[in-house]
Structure formats: C-alpha cells, structure tokens
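Observations on chain architecture
So you can see what is in the structure, the chains are spelled out below.
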Amino acid sequence: MSQPVSILIVATLLVTTFADEDEVDTAANTVTIRGNDTSVRIEGDTGKIRTLYFEQDDDDDDDDDDDDEVEDFSDDNEDVLTFQVDSLQEVDSQGVPVGLTGPSDRRHGLDSLASQIQSFNFSALDNSSTYQGIPVKNVNLSVFLAGPRATLDLMVMVFLGAGNVEFGNETFRVQSGTLKFNIKVSFLWNSYLFGLIALLRV
C-alpha cells in the first residue's frame, strides 16, 4: 500500500507583535495571534495569512497618536503582508512540472485552489507551546482537496522569545514576534517526499 506523500514548505517571516491578547472569532472564521510588534490574522474561509508590523516609537512625545493605532487587515492597507496558497505543482530537480496528464485525481498539481476549498478546519489555538525550545503561539488549518486527492495543512506560529531554529542544514535566527508557517501537502496516491524552504525578511 502506498504511503501519503508530504510536501513541506517552510516560510519564516522575520517581523517583530502589537499586543499579547489573541482572538478567535468563530463567526468570521478567523484567528488573530499577537506577540511583540506583529499581529497575524488567519482566515479559515480562504487560508490567507495576513501580517501587520507596528513600528516601535522611541519618541517620548505625549502628543503622538500611538494609542489610536488600530489593526487594519483589509486589502486596502498597503502595510499588510498577505500569504495564500493559490496553486500546487510538483516539479523535478530541473524545475520542470511533472504529473500534468492523466485523471484529475492522479495529477501532481492543481492550477487553482479556489474551486477546491470551501473552508479550512482550525485546530485549537495553543498559546503556551514551544518550538525547538522557544516559546510560541500556534494554530493549524487543514482542508481536503478532492481534485488531486490531497490534504493541505497550514501550520502557523508566532515566536514569543529569541533563539535559533533549524530546518534541514540551515539555521535561522528568530526573535519575539517572528512569524513562521509551514505548508504541508499529503497526496493519497504516492510515497514521494520532498521539501522547500523560503526565508522572507521585511
């Protein structure tokens, strides 16, 4: 029997959360995680991860408007960084797409996830966990993709302390407020396994 294939993509966003209170909005199907100077909102209906960074003001002037600063995760806000899995495609070592033909439920990719996703399932928000010994807040999302017969998992965490984390042969420095997310795709028809890592700095 073939085993599920797992594609692991790790992206580390080095931005540093606004307030420490988190928010789970079941009506809007969103989770908002906050750490040092960064606020992260995860949308269960779309799988979008939206991130806001708040500049620390060293000016002691009492006339500033810092207390009036609000979180605006809308598309109109140019300060919002938005991440979303739009499509999936397996490529070989030369970067050439593979598995483009055959029955739709056996292909190695998906041109658009929009028609496949009705809503992600959230795990419980864990605000007292650790990752490689560093305290984090984390939440996971999962959805089944009928087209390629695969499960898409998004694992989102915000670090609450500084340290080094390892992925493969690489080491990355994180600080309080760093956002890290993993993207995992498990196909039901193959046992092939590969991974990709991306480091994003703001």
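First, a word on scope: everything that follows refers to the structure included in this document. Here the residue numbers are simple positions, counted from 1 along each chain's written sequence. For this predicted model, a pLDDT threshold of at least 70 governs which residues receive local features, and a threshold of 80 or more governs which side-chain atom pairs are given and counted, while totals over whole chains, interfaces and linings are taken from all residues. Side-chain numbers come from the whole structure's heavy atoms, not from hydrogens or water.

Points about unusual backbone geometry
A negative phi holds for most residues other than glycine; trans holds for most peptide bonds. Unusually for a residue other than glycine, Asn29 sits at a positive phi of about 60°. Only DSSP runs of H or I with at least four residues qualify as helices, and only runs of E with at least two residues qualify as strands; both kinds are numbered from the N terminus onward. Tracing the sequence through the fold places Asn29 in the loop between strand E2 (23–25) and strand E3 (30–34). Phi is positive for Gln132, close to 50°, though the residue is something other than glycine. Mapped onto the fold, Gln132 is located in the loop between strand E10 (126–131) and strand E11 (134–145). Three labels apply to residues, based on accessible area from a 1.4 Å probe with only protein chains included: buried if under 20% of the type maximum, exposed if over 50%, partly exposed otherwise in between. Note on Gln132: relative accessible area 42%, which makes it partly exposed.

Things to note about the sheet that holds strand E6 (residues 81–83)
Hydrogen bonds along the backbone pair up the strands of a sheet, which may run parallel or antiparallel. Whether two strands pair comes down to DSSP finding at least two bridges between them. If you trace the 5 strands from one edge of the open sheet to the other, you get E2-E3-E4-E5-E6, paired in antiparallel fashion. Among the strands making up the open sheet, the edge pair consists of E2 and E6. Taking each pair of neighbouring strands and ignoring which way they run, the sheet shows an average axis angle of 15°. Comment: axis = line fitted to C-alpha atoms, over the contacting stretch for helices; angle = value between 0 and 180 degrees taken between N-to-C directions.

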